[in-house]
Amino acid sequence: MSEEIIPGAEITPDVAQAAETVETVEAAAVNYQELALPELVSAFEELAKSEDRMQRAKEADVIKAAFYKKLLKAKADAGIDPESTEENPFNELEEGFKAYYNAFKKERADFNKAQEEEREKNLELKQAVIEDLKALLEKQEDVNVTFPAFRAIQDRWKAVGPVPATNFRSLNDTYQLYVEQFYDMVNINRELRDLDFKKNLEAKTALCEEAETLSAKEDVIGAFRELQKLHEQWKDFGPVEKAFREEIWERFKAATAIINKKYQAHFESLKDQQEANLAAKTALCEKVEAVAAKVALTMNDWNAISKEIESIQQEWKTIGYAAKKENQKIYDRFRAACDDFFTRKKAYYNEFKDGINENLAKKVAICEQAEALKDSKDWKKTSEVLIDLQKQWKEIGTVPRQKADALWKRFRAACDAFFEERDKQPKPEDFHGNLKAKMRLVDEINAYELTGDQEQDTAAKDAFVEKWQSIGFVPFKEKEKVGQAYRDAMAKFRVQGRGAGRPRQDRAPMTEKEKLTRKYNQLEQDIVNYENNIGFFARSKNAEPLIRQMEARIAEAKEELKALEAQIREL
């Protein structure tokens, strides 16, 4: 088989498809889907100024598609009708991009037109070369005349550039046929022919060596491209001596086969890697969808979920591309889950912002109420109102962080001013508290059932009497009513005690032990009140002197309790 009839590079359909794939992969070396609109305009502007811009038409189309897809989404998110001709914030960006793209498009059209015209001219020139070669074969003149003319025809053929792809195969085959006929049919001087054969053999041997060097390169794609150039050069050289034709072609073809095989294997591995990338990205989609679906009740919840999603987004960036037909789909799925979450977070934040502003207004109103009461001398009523305001304050939610501390200090200052002044006043008797305590005791006496054991029932009765006497005064208008309720409840002990000696009357003078017990109980109640007051003032720096005063009172009262307890034990 003559090497001139065999294609220069044995490119199978799979290899051709792989070549197209690598062109697409290189065009997508930058994931333009992840760039913002201004970045896409800048990327197109940079491409339009590059020296190889005419060879980057596919990349230009990728940028254009990414730009208009992101522009439509941005307009939709902003509530702008894509068909509207009214002014909007995106007009300037869109007009700028259109200007760059239209200029590039016009330049590309002019370039392609010039290229087509050039190829048509080259076709005419090469057809003329073939006609001249054919005429040379028909002359059958002396070799000393025809061989230089043949060399000139070869040089003309090599000097002509590419022709239309549809004409390349037939034109080249015709030329190679006439070249071979020239060598085989024309009776040329053997010495000149052998010299030409030798030069062709040397040139083709050098091409074999270059191809063999390329077969060992790690850059498979670069090696494949260089190989195509070697095949073009191979076709430009004439035949070698028949004895070496098959051998030299097989050597060149063997190196070609190695490069083609590595090229195909590269894209098979690329396919496997793309499938692995797709599987990894699918897993991340499922993960981000699950995270995005979590229920968030507070801003801390939203922020925690945001951090999880941002971590997944960083992981996404470490994974390479999936296959072309799947890459955009899987990216859109991932983006949709992220966008859905952040859209809901934004809505929550807006609602939360409205809520904290309402809370701010409520707390400002409470501050104003407290400030209006801080100089009041109605100690009891104002105390109740301020304590109620403190409860309301705790029930109100979050306010803006930058105002929270100042607002709290303002409220505490108003409260502290009132309570500090109040605590300087003599402490009044808690008549209403005493009334409630006596009513609870009456309920407790009524609930007691006599056991029939006189000693045990007497002990219970004495305990009730002691507890009644330890409780302080009640409001005057309630005195008789609660006293009668107590006497009625205690009547069952007087009935049970008849015949066993008359029990001590309720209104008999208190014993020393009863007096000490009453004082002991009063001190305990005072300590509880002091501790409650400390709780109110604990968060205010201004209340430190008052807190120290309260702590001193508590310590003094506890010491007095110990002394009273010892005295009661002795009695």
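Residues numbered from 1 in each chain as written. Predicted model: local features only at pLDDT ≥ 70, side-chain atom pairs only at ≥ 80, totals over all residues. Heavy atoms only, no water.

A. Structural detail: the overall build of the protein. Looking only at helices and strands, the protein features 18 helices and zero strands. The buried share of the protein, taken over its 571 residues, is 36%. Of the contacts formed within the protein by residues at least 6 apart in sequence, a portion of 79% connects residues at least 24 apart. About 34,600 Å² of surface is accessible on the protein, with carbon and sulfur atoms providing 52% of the total. (Helix = DSSP H or I, 4+ residues; strand = E, 2+ residues; numbered from the N terminus. Buried < 20%, exposed > 50% of the residue type's maximum accessible area, 1.4 Å probe, protein only. Contact = heavy atoms within 4.5 Å. Areas by Shrake-Rupley, 256 points an atom, 1.4 Å probe, with all protein chains shown as cover.)

B. Up close: the environment of Ala 254. Looking at the secondary structure, you find Ala 254 in helix α9 (residues 242-292). Its relative accessible area of 41% is what places Ala 254 among the partly exposed residues. Placed 42 residues apart in sequence, Ala 254 and Glu 212 show a C-alpha to C-alpha distance of 8.6 Å.

C. Molecular detail of the side chain of Asn 172. Looking at where Asn 172 falls in the secondary structure, it is placed in helix α6 (residues 165-185). Every residue in contact with Asn 172, bar those within four places of it in the chain, is listed here: Trp 157 and Lys 235.

D. Representation of the packing of aromatic side chains in the model. Tallied over the entire structure, the rule returns 26 aromatic pairs. Between Tyr 448 and Phe 464, the aromatic rings sit 5.9 Å apart at their centres with planes inclined by 80°, giving edge-to-face as the arrangement. In this pair, Tyr 448 is assigned in the loop between α14 (431-447) and α15 (454-470) and Phe 464 in helix α15, connecting sequence segments 16 residues apart. An aromatic cluster is present here, built from Phe 44, Phe 67, Tyr 68, Phe 97, Tyr 101 and Phe 104 joined pairwise through their rings. Directly above the ring of Trp 157 sits Lys 126, whose terminal nitrogen or CZ lies 4.3 Å from the centroid. Here the basic side chain of Lys 438 rests over the ring of Trp 468, its NZ or CZ set 4.4 Å away from the ring centre. (Phe/Tyr/Trp six-rings, centres within 6.5 Å; stacked < 30°, edge-to-face > 60°. Lys NZ or Arg CZ within 6 Å of the ring centre and 35° of its normal.)

E. Quick peek at the packing of helix α2 (residues 37-49) against helix α4 (residues 91-139). Running from N to C, α2 and α4 point in directions that differ by 20°, and their axes come no closer than 10 Å. Compared by their axis directions, α2 and α4 come out roughly parallel. Along this stretch, α2 crosses α4, giving a crossing that reads as left-handed. Note on element contacts: α4 touches α2 through Leu 93, Phe 97, Tyr 100, Tyr 101 and Phe 104, opposite Leu 37, Pro 38, Leu 40, Val 41, Phe 44, Glu 45, Leu 47 and Ala 48. Its residues placed into classes, the contact of α2 with α4 shows 12 nonpolar, no polar and one charged. (Axes fitted to C-alpha atoms, helices over the stretch in contact; angles between N-to-C directions. Parallel < 35°, antiparallel > 145°, perpendicular 65-115°, else oblique. Left-handed = near helix turned anticlockwise from the far one by under 90°. Nonpolar A, V, L, I, M, F, W, Y, C, P; charged D, E, K, R; others polar.)

F. The arrangement of the pattern of salt bridges in detail. Under the defined criterion, the tally for this structure stands at 29 salt bridges. Here Arg 56 and Asp 52 are joined by a salt bridge, their closest N and O atoms 3.6 Å apart. For Arg 56, a relative accessible area of 22% puts it in the partly exposed group. The partner of Glu 384 in a salt bridge is Lys 380, with the nearest N and O atoms 2.8 Å apart. Separated by four residues within a single helix, Glu 384 and Lys 380 lie in helix α12 (residues 379-395), roughly one turn from each other. On the basis of relative accessible area, Lys 380 is assigned to the partly exposed category, the value being 48%. (Salt bridge = Lys/Arg side-chain N within 4 Å of Asp/Glu carboxyl O.)

G. Examining helix α13 (residues 401-423) more closely. Relative to the 33 Å expected for 23 residues at 1.5 Å per residue, α13 spans 33 Å between its end C-alpha atoms, a close match to the ideal helical length. Taken together, the buried positions of α13 are occupied by Leu 407, Trp 408, Phe 411, Arg 412, Ala 414, Cys 415, Asp 416, Phe 418, Phe 419, Arg 422 and Asp 423. (Expected span 1.5 Å × (residues − 1).)

H. Local environment of the state of the cysteines. Taken as a whole and assessed by the stated rule, the structure comprises zero disulfides. This cysteine, Cys 338, is not joined by any disulfide, and Cys 285 carries the nearest cysteine sulfur, 8.3 Å off. (Disulfide = S-S within 2.5 Å.)

I. Spotlight on the packing of α2 against helix α3 (residues 57-77). Between α2 and α3, whose axes approach to 10 Å, the crossing angle comes to 160°. It follows from the interaxial angle that α2 and α3 lie roughly antiparallel. When you trace α2 past α3, the crossing you get is left-handed. Across from Leu 37, Leu 40, Val 41, Ala 43, Phe 44 and Leu 47 in α2, the residues of α3 making contact are Glu 59, Ala 60, Ile 63, Ala 66, Phe 67, Lys 70, Leu 71 and Ala 74.

J. How the structure looks around the nonpolar core. Within the largest apolar cluster, 20 residues are counted, with the highest numbers of intra-cluster contacts made by Val 288, Ile 309, Trp 316 and Phe 334. Of all the secondary-structure elements, those providing two or more residues to this core are α9, α10 (299-317) and α11 (324-373). Aside from chain neighbours lying at most four places away, what touches Trp 316 is Glu 34, Lys 281, Leu 284, Cys 285, Ile 330, Tyr 331 and Phe 334. (Core = buried A, V, L, I, M, F, W, Y, C linked by side-chain atoms within 4.5 Å.)

K. Spotlight on the environment of Ala 65. Structurally, Ala 65 can be placed in helix α3. It is 9.2 Å that separates the C-alpha atoms of Ala 65 and Tyr 32, two residues lying 33 residues apart in sequence.

L. Layout of the side chain of Glu 59. Structurally, Glu 59 is set in helix α3. Owing to a relative accessible area of 12%, Glu 59 belongs among the buried residues under this scheme. Within the local environment of Glu 59, its side chain forms a polar contact with the side chain of Arg 56, the two groups lying 2.9 Å apart. (Polar contact = N/O pair within 3.5 Å; in protein donor to acceptor, adjacent residues only side chain to side chain.)

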